[in-house]
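Single-letter residue listing:
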Amino acid sequence: MISIIVVLIFAAIIRYAVDSSKTSQKLDLLIKEVHYLKTEIKKQQRHKQQDDSKHNIDEKV
């Protein structure tokens, strides 16, 4: 019984330490930034592919 109480207290201390360090909020911000960068890279790649296809068509003509 005492060991269960000790484990619960230990878990509460760890949970409080993680919450007070704001790591979860920082991680969420980092995930959003990575997602934004991925979408920007995809947009640039699509734009580059469109430019390359236009260039190929011009060469054939």
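Up top is the structure these notes are about.
Residues numbered from 1 in each chain as written. Predicted model: local features only at pLDDT ≥ 70, side-chain atom pairs only at ≥ 80, totals over all residues. Heavy atoms only, no water.

Caption draft 1: Broad picture of the overall build of the protein. Broken down by element type, the protein carries two helices and zero strands. For the protein, the accessible area works out to roughly 6200 Å², and carbon and sulfur atoms hold 65% of it. (Helix = DSSP H or I, 4+ residues; strand = E, 2+ residues; numbered from the N terminus. Areas by Shrake-Rupley, 256 points an atom, 1.4 Å probe, with all protein chains shown as cover.)

Caption draft 2: Inspection of the pattern of salt bridges at higher detail. This model, assessed by the stated rule, comprises one salt bridge. The residue E40 makes a salt bridge to K43 at a minimum N-O spacing of 3.9 Å. Taken together, the residues span about one helical turn, with E40 and K43 both in helix α2 (residues 23-60) at a distance of three residues. (Salt bridge = Lys/Arg side-chain N within 4 Å of Asp/Glu carboxyl O.)

Caption draft 3: Layout of a nonpolar patch on the surface. Side chains of M1, I5, I9 and I13 sit close together on the surface and give an oily, nonpolar patch of about 450 Å² of accessible area. When you line up the elements, I9 lands in helix α1 (residues 2-21). You can call I9 partly exposed: its relative accessible area is 48%. (Patch = residues over 30% accessible without salt bridge, like charges linked within 9 Å, V, L, I, M, F, W, Y side chains within 5 Å. Buried < 20%, exposed > 50% of the residue type's maximum accessible area, 1.4 Å probe, protein only.)

No statement about biological role is implied by the geometric values presented.
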